[in-house]
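Residue-level structure breakdown
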Amino acid sequence: MDDEMKYLLGQAVQAREEAYAPYSCFKVGCALLGEDNRVFLGCNVENASYGLTNCAERTALFRAIADGYKPYSFKAIAIAGDVSRPLAPCGACRQVLVELCSPGMRVIMGNTKGEYIESTVSELLPGAFDRGAFIDDKEI
Ligand code: THU
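What this report covers is the structure whose coordinates are included nearby.

Once their charged atoms are close, side chains differing in charge can pair, the charge on each being opposite to the other. On inspection of all chains with the given rule, the structure shows four salt bridges. Measuring nitrogen to oxygen at the nearest pair gives 2.9 Å for the salt bridge that ties Arg-106 to Asp-2. Here the residue Arg-106 occupies a position in strand E4 (residues 106–111), and Asp-2 occupies one in the segment before helix H1 (3–15), the gap between them amounting to 104 residues. Judged by relative accessible area, which is 25%, Arg-106 ranks as partly exposed. Given the relative accessible area of 28%, Asp-2 is considered partly exposed. As a salt-bridge pair, Glu-118 and Arg-106 come within 2.5 Å of each other at their nearest N and O atoms. Of the two residues, Glu-118 sits in strand E5 (residues 116–120) while Arg-106 sits in strand E4, which places them twelve residues apart along the sequence. Among the ionic contacts, a cluster of salt bridges with common partners joins Asp-2, Arg-106 and Glu-118.

The rules behind each value
- Residues numbered from 1 in each chain as written.
- Predicted model: local features only at pLDDT ≥ 70, side-chain atom pairs only at ≥ 80, totals over all residues.
- Heavy atoms only, no water.
- Salt bridge = Lys/Arg side-chain N within 4 Å of Asp/Glu carboxyl O.
- Helix = DSSP H or I, 4+ residues; strand = E, 2+ residues; numbered from the N terminus.
- Buried < 20%, exposed > 50% of the residue type's maximum accessible area, 1.4 Å probe, protein only.

As structure tokens, this is what we get:
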């Protein structure tokens, strides 16, 4: 197992402790690794109006952007839940990953036991609708 990814998954498991999930009782944690090795943590934040819930992945991504990180400046993201098979990001989060992360960025889908499988942003949402529909220049 890759030590850096194992560490990142451990951070995601810790982030899970902060989850606000009174409705589903399904706590999710996320850790996003910046190019300079800074780690941004995220957890799911639910709402009585269920559709307003923010997933752990988007919490971490938005936190990083709000803190001045530029899109595509991340190395990896790890996601963890108390599940037997590794936790995969939902469709909405895949779309946000496509928007803010490079296509080849590593996505670690794990659980609280430290088991994980690895994929990439483009593998998780092939043929995505993205900013290329509006902007030819991929530079930001
Ligand atoms: N959830 C996440 O935070 N990330 C995922 O990848 C899947 C689902 C949250 C949303 C909701 O609070 C709870 O898990 C149940 O769907």
